[in-house]
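Chains, contacts and geometry: an overview
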Amino acid sequence: MEIRNIAIIAHVDHGKTTLVDKILHATHVFRENQETGELIMDNNDLEKERGITIFSKNAAVEYKGVKINVIDTPGHSDFGGEVERVLKMADGVLLLVDAFEGPMPQTRFVLQKALQLNLKPIVVINKVDKPNCRPDEVHDAVFELFFNLDATEEQLDFPTFYGSGKNGWFNITNEACSDITPLLDGILKYVPAPKVAEGPLQMQITSLDYSSFLGRIAVGKVARGVIREGQPIALMQAGGVIKRSRVKELYTFMGMGKKKATEVEAGDICAVVGLEEFNIGDTIADAENPEALPVISVDEPTMSMLFGINNSPFYGKDGKFVTSRHLRDRLMKETEKNLALKVEDTDSADSLLVFGRGILHLGILIETMRREGFELTVGQPQVLVKEINGKKNEPYEVLVVDVPAEFSGKVIDMVTQRKGEMHVMESKGEMQHLEFEIPSRGLIGLRSNMLTNTAGEAVMAHRFLEYKPWKGPIPGRNNGVLLSKNQEKTTAYSIDKLQDRGTFFVDPGEDVYVGQIIAEHIKPGDLIVNATEGKKLTNMRASGSDDAVRIVPKKQMTLEECMEYIQQDECIEVTPKKIRLRKVILDEEERKRSARAMKTEEAR
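Now for a look at the structure at hand. Sequence positions are assigned chain by chain, starting from 1 and proceeding in written order. For a predicted model such as this one, the threshold for reporting local features is a pLDDT of at least 70, and the threshold for listing and counting side-chain atom pairs is 80 or more; totals across whole chains, interfaces and linings nevertheless cover every residue. The basis for every side-chain value is the complete set of non-hydrogen atoms in the structure, without hydrogens or water.

1. Thoughts on the overall build of the chain
Let me state the cut-off plainly: Only DSSP runs of H or I with at least four residues qualify as helices, and only runs of E with at least two residues qualify as strands; both kinds are numbered from the N terminus onward. Within these notes, the globule rule equals 2.2 Å times the number of residues to the 0.38 power, and the radius of gyration is based on C-alpha atoms. For each residue, the accessible area found with a 1.4 Å probe, counting protein chains only, is set against the maximum for its type, and the residue is called buried under 20%, exposed over 50%, and partly exposed in between. Any two residues whose heavy atoms approach within 4.5 Å are treated as being in contact. Computed with the Shrake-Rupley method and a 1.4 Å probe, the accessible areas treat only the protein chains shown as cover for residues. Counting rule for charge: Lys and Arg are taken as positive, Asp and Glu as negative, and neither His nor the chain ends is counted. Here the site of a charge means atom NZ of a Lys, CZ of an Arg, CG of an Asp or CD of a Glu.
Of the regular secondary structure elements, the chain holds 15 helices and 35 strands. Since a compact globule built from 604 residues should have a radius of gyration of about 25 Å, the 27 Å found for the chain is in line with a globular shape. Dimensions of the chain along its principal axes, counting C-alpha atoms only, are 90 × 60 × 60 Å. Counting only residues that meet the buried cut, the chain has 51% of its 604 residues in that class. Across the chain, every contact between residues at least 6 apart in sequence was considered, and the portion connecting residues at least 24 apart equals 71%. Carbon and sulfur atoms provide 49% of the accessible area of the chain, an area that totals close to 28800 Å². Here the chain carries 77 positive and 92 negative side-chain charges, and the mean point of each set is 5 Å from the other.

In C-alpha cells:
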C-alpha cells in the first residue's frame, strides 16, 4: 500500500485540529450516525478545557487506496519540543495560515524546522470566510517568509489551497466547493512517498505512548528495512550504549486507534511494544549490523522554577503524594517523554530545579501533577542566564501584538518600560500590528497587565530569538501584598473592614495560615492584617451600627497568572483542590532577619 506522512503545523488557533477533524470525516473513519463532537484529537482533559493542543498525536486515514498518516501538532511555542521531534516522522507539511492574521511567530518557528528537514510544504490559507480577511496579501506574506528562511527553489514553488475548515471546504482557488477532496488530492499529488533506503532495519523513536496494559510503547517511522514481530533488535542509545532486546508486538495506526501488524515496511509509522528503558531519540536497529541514526536535537529550555514539597501548615490535607521522593520520581518520569524539560538537584533534598520552555509549558506540568494528587510549592519563574565571552547574557524573544489602534500607545508604553524595543508597526485593517524585541524576563507578568489595559482586546504571541547581553533591572510588581496574621477561618466582618486596603484573593469562611498572601495591597510594601476576627456582640443597639456586610467577590487567578504574579520571596502552594499564594518564609521575624542578611551580603 502506498503511504504519505504529513504533519500539520501552524500558529495557535489557526485551525489545525479542526482540519484533522474534517480529514477524519471525509475519509469515513466514523460511521455515518456516530456522534464524534468537535476537535476529536484533543482528547486530554486539559486540552479540552483550554481549547489548545498540547501533545502531538497520530491518526491514519485511507484515501483512494493510499494510507495517509496525519500528525497533529501543538501551536504554542512553549510546546515547540513536541513539534521538533515529530517532524522527523513526516515527509511533507501542511502549513496552515489564518487568512486575516497571516504568518505569526510560531508559524515562522515550525516552518524553519520543517524546511531544515527538507520537507515538502503545502500552504493552506484557512478561514477565508472571516470578515475583512485578506487571502492574497497573506499568500504574498507567506512567500516572503519562505524566502527569508532560505527555502530552496523547489520549496518556494509551493502549492496553495484556500478554504474554511469550519465550513468544511478547501479548494485550489479561492472559491467555495462542496468538500475537502481537492486538498486530499493535493496531498497525494504533492507530498512525496517516503524515501526508502536499502539496508538493514533502522527506526528512530520519536514519541512515546503509554498503556497501563502494555507499558511504555515506542512510536516512530521505520527509516529502512522491515521490522517484524518477535524480531531480535539492538536498541542504540546516546553515548554509544547498545542494549539487546526483542519486539514483542507491533501496531500500525488506523483511524484514531492502532491495529496489530506482523511486519511494518520502511516509510510507515508504527508502535513497538516490548522494549524496556528506551528514550526518545534512540534508534531501533538490526541486531546483526546495528547502525544509529543522528540524535534528535531540541532547543534548550529558557526558564527555570524551583519545585519543592508542600511545607505549609496545611500540607497533606488534600493530596495523596506529599513527600520529596514522590515529587522526584514524578518529575524524572516526565523528562522521559517531555523532551524540552530538564530536572536538576539543588542543595536541599526537598526541592528540585525544573527547566522548561516557558510559563505555559511549566504551568501544564504543574496542573497535570495536581490533578494526579500531588501537593507541591513552586517558586517564581527565572530566566536562564549564560556567560558568553565573559559577559552575562539572557534570552530575548520576539513579541508580536495585534491590538485596536486606540490602545497601541498603552501597549508600546508597557513594553518599553520592560526594556522592549519596537521594530515594526503597521496597520492591518482596524488593528495595529506591533513587533518588539524584548528580554524574556520582561514577558513574565506582561500578559495579564496587557489584557487589563487594552480591555481584553490585545492578541499577543512570542517566540525565542537568541541570547543577548543583560539589559539591567526590569521593574516588577508595583504593589505589595496583605498577609494573614493568624491561622483560622476568615470572617466577613474583618474582610469588609479591610476592603479599602486591597483586592482580596480569599472569600469569607476560607482557612488561612500565618504568612499566606490573602490580598493585593493598594500601595507598595507588605502589610500584616487580621482577617479572622469575628464581630463582638454588645447589648447596645444603635441605628446604622449593624449595616449588612457588602463584600466584593475574591479575585480568581489561574495557575499561570499566579506564576506571573509572585515575586522572588513568594511562592505558590499547589494542591489538588487549592492554589494559595504565600511567602517562602512564613514567620515575620525570620523574614526580616533573612532580608537583613541579604542586604549585608549585597553591600559586601
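2. As for unusual backbone geometry
Both trends apply: most residues other than glycine have a negative phi, and most peptide bonds are in trans. Residue Lys64 is not a glycine yet carries a positive backbone phi of 50 degrees. Position of Lys64 relative to the elements: it lies in the loop between β2 (57–63) and β3 (66–72). You will see that Asp150, though not glycine, has its phi angle at about 60 degrees, which is positive. Tracing the backbone through its elements, the reader meets Asp150 in the loop between α5 (135–148) and α6 (153–156).

3. Focus: the nonpolar core
Inclusion rule: Nonpolar cores were defined as sets of buried Ala, Val, Leu, Ile, Met, Phe, Trp, Tyr and Cys residues, with membership established by side-chain atoms within 4.5 Å.
Judged by nonpolar contacts, the single largest core of 39 residues is most densely connected at Ile9, Leu87, Leu95, Val142 and Phe146. Residue contributions to this core peak at five residues, all from helix α4 (residues 105–116). Setting aside residues up to four positions removed in sequence, Leu87 forms contacts with Ala7, Ile9, Val93, Val110, Lys113, Ala114, Leu117 and Leu119. Core analysis: the next-biggest nonpolar cluster, separate from the first, contains 32 residues, Leu327, Val383, Ile517 and Leu559 among them.

4. Some details on the sheet that holds strand β33 (residues 527–529)
This is how it is decided: Whether two strands pair comes down to DSSP finding at least two bridges between them. As a rule, the C-alpha atoms of each element are fitted with a line to give its axis, helices using only the stretch in contact, and angles between N-to-C directions run from 0 to 180 degrees.
Overall, mixed pairing links the four strands, which are arranged β30-β32-β28-β33 in an open sheet. Single-partner strands in this sheet number two, and they are β30 (502–504) and β33. Between one strand axis and the next, the sheet turns by 35 degrees as a mean value, whatever way the strands run. Here β30 pairs with strand β32 (residues 517–521) via three bridges, running antiparallel. Each bridged residue has a counterpart across the sheet, and for Gly502 the counterpart in β32 is His521.

5. Digging into the packing of helix α10 (residues 408–417) against helix α12 (residues 446–453)
So the rule is basically this: Roughly parallel refers to an angle under 35 degrees, roughly antiparallel to one over 145, roughly perpendicular to one between 65 and 115, and oblique to any angle outside these ranges. Each crossing is labelled by how the near helix is turned from the far one, with a counterclockwise turn of less than a right angle marking it left-handed and a clockwise turn marking it right-handed.
At a closest axis distance of 10 Å, the pairing of α10 and α12 adopts a crossing angle of 155 degrees. Classified by the angle their axes make, α10 and α12 are roughly antiparallel. Classified by chirality, the crossing of α12 by α10 is right-handed. Residues Lys410, Val411, Met414 and Val415 of α10 lie in contact with α12, whose contacting residues are Leu446, Asn449, Met450 and Asn453.

6. Remarks on the sheet that holds strand β1 (residues 2–10)
Here we have seven strands laid out as an open sheet, ordered β2-β3-β1-β4-β5-β6-β7, and mixed in their pairing. Two strands in the sheet have a free side with no partner beyond their single neighbour: β2 and β7 (169–171). For this sheet the average axis-to-axis angle between neighbouring strands, irrespective of direction, equals 25 degrees. Bridge count between β1 and strand β4 (residues 92–98): five bridges; the pairing is parallel. By the bridge assignment for β4, Ala10 is matched with Leu96. Most of the contacts of helix α1 (residues 16–26) go to β1, to which it runs at about 150 degrees, and overall it touches β1, β2, β3, β4 and β7.

7. Some remarks on the packing of aromatic side chains
So the rule is basically this: Stacked, tilted and edge-to-face pairs are distinguished by plane angle, under 30 degrees for stacked and over 60 for edge-to-face with tilted covering the rest, among Phe, Tyr and Trp rings (Trp via its six-membered ring) whose centres lie within 6.5 Å.
Under the criterion given, the structure shown has six aromatic pairs. With a centroid separation of 4.5 Å and an interplanar angle of 25 degrees, the aromatic rings of Phe146 and Phe158 are classed as stacked. Here Phe146 is found in helix α5, whereas its partner Phe158 is found in the loop between α6 and β6 (160–164), with twelve residues between them in sequence. Judged by relative accessible area, Phe146 falls into the buried class, the value being 0%. Given the relative accessible area of 9%, Phe158 is considered buried. Centroid distance Phe314 to Tyr513: 5.1 Å. Interplanar angle 90 degrees. Geometry classified as edge-to-face. With Phe314 in the loop between β18 (303–309) and α8 (324–337) and Tyr513 in the loop between β31 (511–512) and β32, the pair connects residues that are 199 residues apart, well separated along the chain. Joined through ring pairs, the aromatic side chains of Phe143, Phe146 and Phe158 make up one cluster.

8. As for the packing of α8 against helix α9 (residues 359–371)
Two elements in contact, α8 and α9, have axes separated by 12 Å at closest approach and are oriented at 130 degrees. The orientation of α8 relative to α9 falls into the category oblique. In this structure, the crossing between α8 and α9 has a hand that is right-handed. The residues of α9 that touch α8, namely those facing Leu327, Arg330, Leu331 and Glu334, are Leu365, Thr368 and Met369.

9. Notes on the pattern of salt bridges
Let me state the cut-off plainly: Salt bridges are defined by distance alone: a side-chain nitrogen of Lys or Arg within 4 Å of a carboxyl oxygen of Asp or Glu.
If you walk through the whole model with that rule in mind, you get 29 salt bridges. We note a salt bridge from Asp91 to Lys221, for which the minimum N-O separation is 2.9 Å. With Asp91 in the loop between α3 (80–86) and β4 and Lys221 in strand β9 (residues 215–224), the pair connects residues that are 130 residues apart, well separated along the chain. Relative accessible area serves as the criterion here: at 12%, Asp91 is assigned to the buried category. Lys221 sits in the buried class, given a relative accessible area of 16%. Note that Glu573 is salt-bridged to Arg580, the shortest N-O span being 3.0 Å.

10. Some remarks on the side chain of Asp402
Put simply, the test is: Two N or O atoms form a polar contact when they lie within 3.5 Å of each other; inside protein one atom must be a possible hydrogen donor and the other a possible acceptor, and for residues adjacent in sequence the pair counts only when both atoms belong to side chains.
Examined against the element boundaries, Asp402 turns out to sit in strand β24 (residues 391–404). The class for Asp402 is buried, based on a relative accessible area of 7%. At 2.9 Å, the side chain of Asp402 forms a polar contact with the side chain of His433. Excluding its chain neighbours within four sequence positions, the residues that come into contact with Asp402 are Met104, Lys428, Met431, Gln432, His433, Glu457, Ala458 and Val459.

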